[in-house]
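Listed below, chain by chain, are the residues.
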Amino acid sequence: MAEIELTILMPCLNEAETLAVCIRKARGFLDRTGISGEVVIADNGSTDGSQQIAESQGARVVPVALRGYGAALGAGIEAARGRFVIMGDADDSYDFANLDAFVAALRAGNQLVMGNRFTGGIAPGAMPWHHKYIGNPVLSFIGRLFFGSKASDFHCGLRGFDRAAILGLNLRTSGMEFASEMLVKATLSGLRVAEVPTTLKKDGRSRPPHLRSFRDGWRHLRFLLLFSPRWLFLYPGLVLLAVGLFLGALLIRGPLNLTPTVVLDLHTFLVGAMCILLGMQGISFAVIGRRFASHYGFIPRSRTFDGLLEALTLERVLLFAALLVLIGVVALGWGFTQWAERGFGPLPLSSTMRAMILAVTMIVAGLQLAMSAFMGSMIDIPLAERRVSEVPREDWMVRRAEDRK
């Protein structure tokens, strides 16, 4: 059997109106170019006869029980026999008859080739205005900012890739965010990513599309945030911590008169304390999130981050947390002595409230840091390869008896 170079993959859920023309275009491209290939339909439970249409047009149908765009594509990629895969929707919005640029880029050594509809051309009515001018540009900008991707059309559904390279990314999502996950992980893993112009025309379906703008847009954004602990937690945490420390340094000694009528005092000092606590929590979440994502393979490991984790051992973090708590206890003790000196009566806010705010901030920050350190260390606990329950009861009882001797 001859080696198959290219699989043209289409996810399908009730696409009877347009499926046949898409398959004919794809097979026509294979015939025109002489590429050894196949057309695979990853069917997600169609009830309109799409499976029979696909088989009658010479395509191979792969049934996928788990619902979702990503689930269908993931199963289709697994079942593909080609070295390269080009995937696209079966709604006749993409031109499967002209995939030459994708194949050329793949043969040149690129492992993921993205289509770019904005450079190739978008036909009138093919893309809603809020997708064209808001959704796609904003999400593509976030993807480039967060992950250093060079792609300008982050969510183009027509793309080609080296099957083995993409399988190695261990893609996990089952919904529309599968497209984002593929590009993000490919970028983070250092795969060669290219972009080629492609066209988009109005789809040929009479029914509404499966895509839901706000629901699926939020799923894409949520994915981008969850896969970037730096932007979700670290950078906001650092900004908050810096603001809090700056305000605290300005006001620890007393009020600050900016103008004769503008005075920063205890209320601003409280805001600074809040910023410190939120900032430290954000930084802790960033470290825990990055550790979790690296440990379980969601995000590729980083030498820089691994080196940081080696320095931030549980014991060192606990020592620093204990120091913060100690500072807070000392400040609390000072306040208590001031209270005792006044016979446990009312205290002047201007002279004692700063110490109390400092005490509470240090104690809470230290305790939060200690708990976060233990939480982060729990991630490193190895999963048992064999549990006691898996050992035959007789063998387990014998071992316990021998241990007691």
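Not measured: the values here are computed from a predicted model.

### A look at the overall build of the protein
Helix and strand content of the protein: 15 helices and nine strands. Taking 22 Å as the expected radius of gyration for a compact globule of 405 residues, we find that the protein reaches 29 Å, considerably beyond that expectation. Here the C-alpha coordinates of the protein stretch approximately 95 × 80 × 40 Å along the principal axes. Per-residue burial over the protein gives 43% buried out of 405 residues. When contacts within the protein are restricted to residue pairs at least 6 apart in sequence, those whose partners lie at least 24 apart make up 74%. Total accessible area on the protein stands at roughly 21400 Å², and carbon and sulfur atoms take up 63% of it. Counting 42 positive and 34 negative side-chain charges, the protein places the centres of these two groups 4 Å from one another.

### Considering the side chain of S93
Residue position: S93 is located in the loop between β4 (84-87) and α4 (100-107). Within polar-contact distance, the side chain of S93 engages the side chain of D91 at 2.6 Å. Once residues within four sequence positions are removed from consideration, S93 is found in contact with T199, L200, K201 and D203.

### Observations regarding the pairing of strand β3 (residues 60-63)
Here four bridges tie strand β2 (residues 37-43) to β3, and the two strands are oriented parallel to one another. Residue pairing in the sheet places V40 in a bridge with R60 of β3. Viewed along the sheet, the connection from β2 through helix α2 (residues 50-56) into β3 turns out right-handed.

### Some points on the nonpolar core
It is characteristic of soluble globular proteins that their nonpolar side chains tend to be buried jointly. Residues L9, F161, I166, M182 and L224 are the most contacted members of the largest nonpolar core, which totals 37 residues. Considering each element in turn, this core owes the most residues, five residues, to helix α8 (residues 178-188). For F161, the residues in contact, after removing those within four places along its chain, are I77, R83, F84, V85, M87, L106, Q111, L112, I166 and M182.

### Topic: the confidence of the model for the protein
Scored by pLDDT, the protein comes out at a mean of 86, with 91% of its residues at no less than 70. Counting contacts from residues 386-391, a segment whose pLDDT is below 50, to residues more than four positions away or on other chains yields six contacts.

### Structural notes on the packing of aromatic side chains
Working definition: an aromatic ring pair is given by the centre-to-centre distance plus the angle between the planes. This structure, assessed with the given rule, holds six aromatic pairs. With 6.1 Å between their ring centres and 70° between their planes, F146 and F147 make a pair best called edge-to-face. Residue F146 shares its accessibility class with F147, and that shared class is buried. Ring centres of W231 and Y235 lie 4.8 Å apart, and the angle between their planes is 90°; on these two criteria the pair is classed as edge-to-face. In this pair, W231 and Y235 both sit in helix α10 (residues 229-251), four residues apart, roughly one turn of the helix. By relative accessible area, W231 is classed as partly exposed at 29%. Chaining the aromatic ring pairs together yields one cluster made of F146, F147, W231 and Y235. The residue whose ring lies beneath R354 is F269, and the NZ or CZ to ring-centre distance is 6.0 Å.

### A short note on the sheet that holds strand β1 (residues 6-12)
Reading across from one edge, β3-β2-β1-β4-β6-β5-β7 is the order of the seven strands in this open sheet, with mixed pairing throughout. Edge positions in the open sheet fall to β3 and β7 (193-197), since each of these has one partner strand only. For this sheet the average axis-to-axis angle between neighbouring strands, irrespective of direction, equals 25°. Note: strand β5 (residues 112-116) against β7, five bridges, orientation parallel. Looking at β7, one finds that L112 is bridged to V193. The strands that helix α3 (residues 69-79) touches are β1, β2, β3, β4 and β6 (159-162); relative to β1, the one it contacts most, it runs at about 155°.

Criteria and cut-off values
- Residues numbered from 1 in each chain as written.
- Predicted model: local features only at pLDDT ≥ 70, side-chain atom pairs only at ≥ 80, totals over all residues.
- Heavy atoms only, no water.
- Helix = DSSP H or I, 4+ residues; strand = E, 2+ residues; numbered from the N terminus.
- Rg over C-alpha atoms; globule rule 2.2 N^0.38 Å.
- Buried < 20%, exposed > 50% of the residue type's maximum accessible area, 1.4 Å probe, protein only.
- Contact = heavy atoms within 4.5 Å.
- Areas by Shrake-Rupley, 256 points an atom, 1.4 Å probe, with all protein chains shown as cover.
- Lys, Arg positive; Asp, Glu negative; His and termini not counted.
- Charge placed at Lys NZ, Arg CZ, Asp CG, Glu CD.
- Polar contact = N/O pair within 3.5 Å; in protein donor to acceptor, adjacent residues only side chain to side chain.
- Pairing = 2+ DSSP bridges.
- Right-handed = clockwise from strand over helix to strand, strands pointing away.
- Core = buried A, V, L, I, M, F, W, Y, C linked by side-chain atoms within 4.5 Å.
- pLDDT = per-residue confidence, 0-100.
- Phe/Tyr/Trp six-rings, centres within 6.5 Å; stacked < 30°, edge-to-face > 60°.
- Lys NZ or Arg CZ within 6 Å of the ring centre and 35° of its normal.
- Axes fitted to C-alpha atoms, helices over the stretch in contact; angles between N-to-C directions.

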